[in-house]
Amino acid sequence: MSVLLLAAGVATVGAIVWRSSARRFPLAGVVDPLVVADLAASFPPGEDDFIRAAWEYAGAAIRYEAVGSILLFSDDSVRCQRCLLPMEVARRGRANCFGKAVLLASLLRTRLPPERVFVAVGEVTAPDIGGHSWVVVRRQGEWYLLEATKQPGAWRRASELAHAYH
């Protein structure tokens with residue numbers, strides 16, 4: 001399965017990018033830094049500290065809930081069914097991997113440019129997981145994978161985890 005990267009432009013306009021072909025599909029209103037700006041303002045000022053705080057919030061403060069989200073592709077566009085938007089996730093305090101990743105990406109994009117933060121949609125090589133979403137962020141010139149479904153661990157380069165996340 002090819003990995004999809006959910007990328008937002010300015011405000012609520014977004015796109016899904018096939019990593020292998022860089023083909024973009026419009027996706028409105030999913031990754032949205034404007035709706036979480038007040039929440040992100042409470043995080044520390046330094047870039048790495050900010051990324052870590054946002055990651056901890058999505059990973060620890062938001063409880064994982066196994067509810068499926070469906071991405072529907074048609075005519076070069078994408079619709080998302082049963083997807084929670086970032087503020088819904090923050091208000092509810094629980095979401096699936098897609099909702100947690102969208103919240104984390106939205107928080108990160110309040111301070112980082114859109115070309116440095118993506119939500120990836122693909123598969124994880126682990127028993128009983130299958131489809132999954134996570135965040136990739138460019139920091140210090142490298143791409144790092146941020147797993148939003150659990151407490152943050154050590155910084156891990158996306159290339160180190162390519163065998164498990166694809």
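In this text, all values refer to a predicted model and were calculated from it rather than measured experimentally.

**What about the packing of aromatic side chains?**
Okay, so step 1: Counted under the stated rule, the structure contains five aromatic pairs.
Okay, so step 2: Their ring planes at 75° and their centres at 5.9 Å tell us that Y144 and W155 sit as a pair that is edge-to-face. With a gap of eleven residues between them, Y144 in strand β10 (residues 142–146) and W155 in the segment after β10 connect regions that are remote in the sequence.
Okay, so step 3: For Y144, a relative accessible area of 5% translates into the label buried.
Okay, so step 4: Judged by its relative accessible area of 24%, W155 falls in the partly exposed class.
Okay, so step 5: A network of ring pairs unites the aromatic residues F43, F50 and Y57 as a single cluster.

**Comments concerning the nonpolar core**
Okay, so step 1: Ranked by internal contacts, the top residues of the largest apolar core, which has 35 residues, are F43, L104, L107, L108, V135, V137 and L146.
Okay, so step 2: Per-element tally for this core: the top contributor is helix α4 (residues 97–108), with eight residues.
Okay, so step 3: Once residues within four sequence positions are removed from consideration, L104 is found in contact with A54, W55, A58, V135, L146 and A148.

**A word on the layout of surface pockets**
Okay, so step 1: Put simply, the second largest pocket is a space of about 180 Å³.
Okay, so step 2: Around the second largest pocket, the lining residues are W55, L145, E147, K150, Q151, P152, G153, A154, R156, L161 and Y165.

Rules used in this analysis
Residues numbered from 1 in each chain as written. Predicted model: local features only at pLDDT ≥ 70, side-chain atom pairs only at ≥ 80, totals over all residues. Heavy atoms only, no water. Phe/Tyr/Trp six-rings, centres within 6.5 Å; stacked < 30°, edge-to-face > 60°. Helix = DSSP H or I, 4+ residues; strand = E, 2+ residues; numbered from the N terminus. Buried < 20%, exposed > 50% of the residue type's maximum accessible area, 1.4 Å probe, protein only. Core = buried A, V, L, I, M, F, W, Y, C linked by side-chain atoms within 4.5 Å. Contact = heavy atoms within 4.5 Å. 1 Å grid on protein atoms, 1.4 Å probe; cavity = no way out; pocket = protein on both sides within 12 Å on 5 of 7 lines; lining within 4 Å. Points joined across faces, edges and corners; volume = space filled by probe spheres on them.

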